[in-house]
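Residue-level listing of the chains:
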Amino acid sequence: MADKKFVYFFGNEETEGKNSMKDLLGGKGANLAEMANLGIPVPPGFTITTEVCVLYLKNGAYPDGVLDKIDTTIKKLELASGKKFGDVNDPLLLSVRSGARVSMPGMMDTVLNLGMNDASVEGLAKKTGNERFAYDSYRRFLTMFGDVVLDIDHHDFESVIEAKKKELGVEMDTDLDAGALNDLVEQFKLIIKDNTGKDFPQDPREQLMMAIEAVFSSWNNQRAKTYRRLNNIPHEWGTAVNVQSMVYGNMGETSGTGVAFTRDPATGEKKFFGEYLMNAQGEDVVAGIRTPLSIDTLQRTMPDAYNQLVDIYLKLENHFKDMQDIEFTIQEGKLYMLQTRTGKRTAAAALNIAVDMVNEGLIDKRTALMRLEPEQMDQLLHPMIDPNSEYDILGTGLPASPGAAVGKVVFTAEHAEEMACLDKKVILVRTETSPEDIGGMDAAQGILTVRGGMTSHAAVVARGMGKPCVAGCGSISIDMANKIFTIGEIAIKEGDYISIDGASGSVILGKVPLITPGVTDELHTLLDWADEVKEMGVRTNADTPHDALVAREFGAEGIGLCRTEHMFFGEDRISVVREMILAEEKEIREIALAKLLPMQKEDFVGIFKAMEGYPVTIRLLDPPLHEFLPKREELAERLRLLGSEGADKQKIDKIRKVMDRVESLTEVNPMLGHRGCRLGITYPEIYGMQVQAIMEAACELNSEGMEIVPEIMIPLICHVNELKSVKENIVSIIESVLAENNCKMEYLIGTMIELPRAALTADQIATEAEFFSFGTNDLTQTTFGFSRDDAGMFLPVYVQDSILENDPFAVLDQGGVGELVRIGIEKGRSTRPDIKIGICGEHGGEPNSVKFGYNVGLNYVSCSPFRVPIARLAAAQAVIEKEE
């Protein structure tokens, strides 16, 4: 291991890394090296690899030779910069930053101005002739070092700054003179000693090693772990550390710092978009402590630096062929680039940029398809405020992340998470967010901040999450002690409803109606490209004509699951259904079923019309019958009321009869009880009525010239003989209806594979079934032995503690449930090679599960209507990924 390279230099012709080395150098380090290779002005530095982080966190010590290599590379850095590390007269100061292989903005830690001490601050003041700059840099270093390295609460330092500004009667940090900043330095050193029992370390090398260790350790801080969990980033990757010579944006009004995007990250518009602050360091822009200026104004104040910045951003976008997020510093008029990375963007921006770049000739269609995460499709269909509604705008901030949200006001991330656990919708209101708020931001419907700009932490994280965000609403005043915020004369208490519009920046009193947008031209274009590539069909789960029409608009190629039981709960039907269930004799039950027949037929006519020309898979009745009856507790309460009112005996006896039937149908474990095909076997007349309704509807429309493709699915089969028994009954009814209507029509009879035994004996079941549809919800339940209704009590802990990587009801368990799917496919096709096979559980719209389905040979997936675009894109990406 001594020969292994763990430290890479960058910044001049001796740069050792490149962009393709992100796994080793992290995204930041690889891109810094790439910019240096392109001749872009980058302050020199070096990257300690992700492998060092992994080994350090595992063993509690650095690999052999790493410390010596750091020392020799610092000497190289001294030569490149013309300064010495630890020199008291003209010190080489360093920044120490994290850099994972994918962007994790704000989740890990940074230290700036490292190397300063009581002696070098005086030397820096003399060298630059700027005492204020020197002490401003020192107090910033002490704050960051105390917070990041020594784990002292950041607010301990901020409260001292606020007290000093109040004492001097000034508002901004930039109003503090050198003497005030010197006072802060002394107070900060006392805070460090009070909290640690030790003096602030004056040795620059000791500072450096402590900072590097702190950045490595920040890989496992809570906010970083939460971010990785939310974004499916592997915990074992580790982070690189980038040590870079400092350049200063806080040297006066000819210096500044900024963050910019090569295109608008909210809309995707092709324009330079960003913000900057003069006389500031990088954290000032993203922390939201001062409201930054638009990048456009830099063209007027510093035209040479602006024009150079424009040339660089165009060069970077053309080189990387993607929208870039860049950070820069101007030191006394000279421009330096501190970072470039693939920019975080909203789903709408990702879509528009991908389509535009194809039209511009920068990328091809397949590359464009890989530029969107399938989950981002959800964001494209985000709610927006109904344009016809009327509402009162309380105030306006910056439109930091699009979409609209309604919720109760909460002021802390912890409270947001607590409310989310109770299924309460909230808006998180903060002065500004910090990385510690990540859990609450995820739990909230939207985020509202008093301070901060379009590139603040709140804005960047909200856009990545697809959450609406209004930032920098300076008219808000928050009173945390009394849990209220005010705008003018209006006070909003915690728990009051507000609405926010992240597209306009509006903050609105009360609840407003929201609507969901339709499919844009750009989305149609991208999904058409996806359809050119994908090889697997995408159907929808739909139980009503409306749902079917919505799904068709989203590109569904048929219905993979129509749940007939959902049709039974209508007000005009439930009483008839209960009449059927309460009947103790078959003849009486058939009378009730005859009443239901025209209702069911009407349902199927509507659905077949909506899906004309496409297959419609209709699942016969699946849930146990007691689900259609009132709950025993409700009946007992009605009995009590009837008794207290002196109701006649006939009414009371009627309720008691229903109670007796409820009790007779009650099961200890209904999910494994009298449901699915078991109902069809014990009460064949129920399935008989449904099949008659299906085929009569199909025949009626067929006579009108419509192409109807009915597929009848029998649920919960575990043995081929069950399927054989039910099939024999329903085929006779189908043929009878076809004959009566003089109708010739193709139809299929198949089954759901949702029990392990069915998957393991799929070769036998395929002798009777003409198609399979894997019901992965129940298959997951019966494979894991987890109750879907109760697993929520422990599954979050399983995921949090890494017992399971994901909730298996959300993401298909490929190693267990997926293996049963694979076995079922192989066995089914060994008997019937042309058997059509799909998935109709909720996994049909989850991207990883869709890709798994393609790889194991499914013909189609089926999902809820609004997830159809997700599945279409994921199906195309599966083909591209397999080819690569």
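For the structure itself, look to the data block above.
Nothing here was measured: the structure is a model prediction, and the numbers come from that model.

Here we look at the overall build of the chain
Thinking step 1. Within the chain, the secondary structure is distributed over 34 helices and 31 strands.
Thinking step 2. Among the 884 residues that make up the chain, the fraction classed as buried is 56%.
Thinking step 3. Sequence separation of at least 24 residues holds for 69% of the intrachain contacts in the chain that already meet a minimum separation of 6.
Thinking step 4. Summed over its atoms, the accessible surface of the chain is roughly 36600 Å², and 48% of this surface lies on carbon and sulfur atoms.
Thinking step 5. Put simply, the chain has 91 plus and 135 minus side-chain charges, and the middle of one group is 2 Å from the middle of the other.

Regarding the sheet that holds strand β2 (residues 45–48)
To summarise the sheet geometry, strands pair through backbone hydrogen bonds and adopt either a parallel or an antiparallel arrangement.
Thinking step 1. The strand order β1-β2-β5-β3-β4 describes an open sheet built from 5 strands, whose pairing is antiparallel. This sheet does not close on itself; its edge strands, each paired only once, are β1 (7–10) and β4 (110–114). Taken pair by pair, the neighbouring strands of this sheet meet at an average axis angle of 20°, ignoring direction.
Thinking step 2. Here β2 pairs with strand β5 (residues 240–245) via 4 bridges, running antiparallel. Paired with G45 across the bridge in β5 is Q244.

Section: the packing of aromatic side chains
Thinking step 1. Throughout the structure, instances matching the rule amount to 17 aromatic pairs.
Thinking step 2. On the basis of an interplanar angle of 65° and a centroid distance of 5.5 Å, the ring pair of F141 and F145 is categorised as edge-to-face. Here F141 pairs with F145, and both are found in helix α5 (residues 131–149), just 4 residues apart, close to one helical turn.
Thinking step 3. With 6.3 Å between their ring centres and 55° between their planes, F261 and F273 make a pair best called tilted.

Focus on helix α9 (residues 222–231)
Thinking step 1. The set of residues buried in α9 consists of R223, A224, T226, Y227 and R228.
Thinking step 2. Structurally, α9 contributes buried residues whose contacts are with α8 (204–218) and α17 (438–443).
Thinking step 3. You can read the cap of α9 off the contacts: a side-chain oxygen lies 3.2 Å from the backbone nitrogen of R223, and it is on N221.
Thinking step 4. Backbone geometry just downstream of α9 places N232 in the positive-phi region, at approximately 55°.

Some remarks on the side chain of D437
Thinking step 1. Along the chain, the position of D437 falls in the loop between β15 (426–430) and α17.
Thinking step 2. For D437, a relative accessible area of 5% gives the class buried.
Thinking step 3. Side chain to side chain, D437 and R430 meet in a polar contact 3.3 Å long.
Thinking step 4. With sequence-adjacent residues up to four places away left out, D437 is seen in contact with A413, R430 and E432.

Quick word on the packing of helix α4 (residues 118–128) against α5
Thinking step 1. Closest axis-to-axis distance for the α4/α5 pair is 7 Å, and the angle between their directions is 145°. Judged by the twist between their axes, the crossing of α4 over α5 is right-handed. Only E131, F133, A134, Y135 and Y138 of α5 make contact with α4, whose side of the interface consists of D118, V121, E122, L124, A125 and T128.
Thinking step 2. Looking at the contact of α4 with α5 residue by residue, the classes come out as 7 nonpolar, 1 polar and 3 charged.

Topic: the side chain of S389
Thinking step 1. Relative to the assigned elements, S389 resides in the loop between β11 (384–385) and β12 (393–396).
Thinking step 2. Among the residues examined, S389 registers a relative accessible area of 16% and is labelled buried.
Thinking step 3. Only 2.6 Å separates the side chain of S389 from the backbone oxygen of D386, close enough to count as a polar contact.

Comments concerning unusual backbone geometry
For residues besides glycine, phi is generally negative; the peptide bonds are generally trans as well.
Thinking step 1. One non-glycine residue, D423, lies in the positive phi region at around 60°.
Thinking step 2. Non-glycine residue L716 carries a positive phi angle of around 60°.
Thinking step 3. Mapped onto the elements, L716 comes out in the loop between β27 (709–714) and α27 (720–740).
Thinking step 4. Residue L716 is classed as buried on the basis of its relative accessible area of 2%.

Some points on the nonpolar core
Thinking step 1. By size, the foremost hydrophobic cluster in this structure holds 142 residues, and its most contacted members are F608 and I714.
Thinking step 2. Setting aside chain neighbours within four positions, we find F608 in contact with V616, I618, I694, A697, A698, L701, I708 and P710.
Thinking step 3. L176, Y248, A400 and A444 belong to the second-largest nonpolar core, a separate cluster that totals 84 residues.

Quick notes on the sheet that holds strand β28 (residues 748–753)
Thinking step 1. Judged by pairing direction, the barrel is parallel, and its 8 strands sit side by side in the order β24-β25-β26-β27-β28-β29-β30-β31 before closing back on the first. Shown here is a sheet whose adjacent strand axes are inclined to one another by a mean of 25°, direction ignored.
Thinking step 2. Inspection of the sheet shows β28 paired to strand β29 (residues 771–774) by 3 bridges, in the parallel sense. For M752, the partnering residue across the bridge sits in β29 and is S773.

Here's the deal with the pattern of salt bridges
Thinking step 1. Enumeration according to the criterion identifies 48 salt bridges in this entry.
Thinking step 2. When the shortest N-O distance is used, the salt bridge between D322 and R345 registers 2.9 Å. Here R345 lies in the loop between β10 (334–342) and α13 (347–359) and D322 lies in the loop between α12 (303–320) and β9 (324–331), a separation of 23 residues in the sequence. Each member of the pair, D322 as well as R345, is classed as buried.
Thinking step 3. Between K851 and E881 there is a salt bridge, with its nearest N and O atoms 3.0 Å apart.

A look at the environment of E685
Thinking step 1. Here E685 lies in helix α26 (residues 684–703).
Thinking step 2. For E685, a relative accessible area of 11% puts it in the buried group.
Thinking step 3. Between the alpha carbons of E685 and K22 there is a distance of 64 Å; along the sequence they are 663 residues apart.
Thinking step 4. Those residues in contact with E685 that sit more than four places away from it in its chain are K586, R589, E590 and L593.

Overview of the environment of L298
Thinking step 1. Locating L298 in the fold gives a position in helix α11 (residues 298–301).
Thinking step 2. Once the C-alpha coordinates of L298 and M278 are considered, the two residues, 20 residues apart in sequence, prove to be 9.7 Å apart.
Thinking step 3. Ignoring any residue separated from it by four or fewer positions in sequence, one finds L298 in contact with Y276, P303, Y306, L309, F328 and I330.

So, a negative patch on the surface
Thinking step 1. On the surface, a cluster of negative charge is made up of D147, D151, D153 and D156.
Thinking step 2. When its relative accessible area of 32% is taken as the criterion, D147 is described as partly exposed.

Details of the pairing of strand β3 (residues 94–99)
Thinking step 1. Among the 6 residues that make up β3, 6 are buried, leaving the element largely enclosed by the rest of the structure.
Thinking step 2. On β3, burial covers both faces: L94, V96 and S98 on one face and S95, R97 and G99 on the other are all buried.
Thinking step 3. In terms of strand pairing, β3 meets β4 through 3 bridges, oriented antiparallel. By the bridge assignment for β4, R97 is matched with T110.

Brief notes about the state of the cysteines
Thinking step 1. A complete count under the given rule lists 0 disulfides for this structure.
Thinking step 2. There is no disulfide at C562, and the cysteine sulfur nearest it, in C840, is 11 Å away.
Thinking step 3. Note on C562: relative accessible area 0%, which makes it buried.
Thinking step 4. Left without a disulfide partner, C743 is nearest to the cysteine sulfur of C699, which lies 3.5 Å away.

The rules behind these values
- Numbers given to residues run from 1 along each chain, matching the order in which its sequence is written.
- At least 70 in pLDDT is required for a residue's local features to be given in this predicted model, at least 80 for side-chain atom pairs to be given and counted, and no such filter applies to totals for whole chains, interfaces and linings, which use all residues.
- With hydrogens and water stripped out, all remaining heavy atoms of the structure feed into the side-chain values.
- A run of H or I in DSSP counts as a helix once it spans at least four residues, and a run of E counts as a strand once it spans at least two, with each numbered from the N terminus.
- Remark: exposure states derive from per-residue accessible area (1.4 Å probe, protein chains only) relative to the maximum for the residue type, with buried under 20%, exposed over 50%, and partly exposed in between.
- When checking whether two residues touch, look at their non-hydrogen atoms; a contact exists if any pair is within 4.5 Å.
- Accessible surface is estimated by sampling points in the Shrake-Rupley manner with a 1.4 Å probe; for residues, cover comes only from the protein chains shown.
- Only four residue types enter the tally: Lys and Arg on the positive side, Asp and Glu on the negative side, with His and both chain ends excluded.
- Lysine's charge is taken at NZ, arginine's at CZ, aspartate's at CG and glutamate's at CD.
- At least two DSSP bridges between two strands are needed for those strands to be called paired.
- Lines fitted to C-alpha atoms define the axes here, with helix axes fitted over just the stretch in contact, and angles between the N-to-C directions of these axes take values from 0 to 180 degrees.
- Side-chain rings of Phe, Tyr and Trp, where Trp is taken by its six-membered ring, are said to pair if the distance between their centres is within 6.5 Å; with planes under 30 degrees apart they count as stacked, over 60 as edge-to-face, and otherwise as tilted.
- Definition of a polar contact: a pair of N or O atoms within 3.5 Å, with one able to donate and the other able to accept a hydrogen when the atoms are protein atoms, and with sequence-neighbouring residues admitted only if both atoms are side-chain atoms.
- In a left-handed crossing the near helix is turned counterclockwise from the far helix by less than a right angle, and in a right-handed crossing that turn is clockwise.
- Each residue gets one of three labels, nonpolar for Ala, Val, Leu, Ile, Met, Phe, Trp, Tyr, Cys and Pro, charged for Asp, Glu, Lys and Arg, and polar for the others, Gly among them.
- Here, the term nonpolar core denotes a set of buried Ala, Val, Leu, Ile, Met, Phe, Trp, Tyr and Cys residues that are joined through side-chain atoms within 4.5 Å.
- Salt bridges are counted wherever a side-chain nitrogen of Lys or Arg sits within 4 Å of a carboxyl oxygen of Asp or Glu.
- The patches reported here contain residues having more than 30% relative accessible area and no salt bridge. Joining distances are 9 Å for like charges and 5 Å for nonpolar side chains (Val, Leu, Ile, Met, Phe, Trp, Tyr).
- We call a pair of cysteine sulfur atoms a disulfide when they lie within 2.5 Å.

That's the geometry; what it means functionally is another story.
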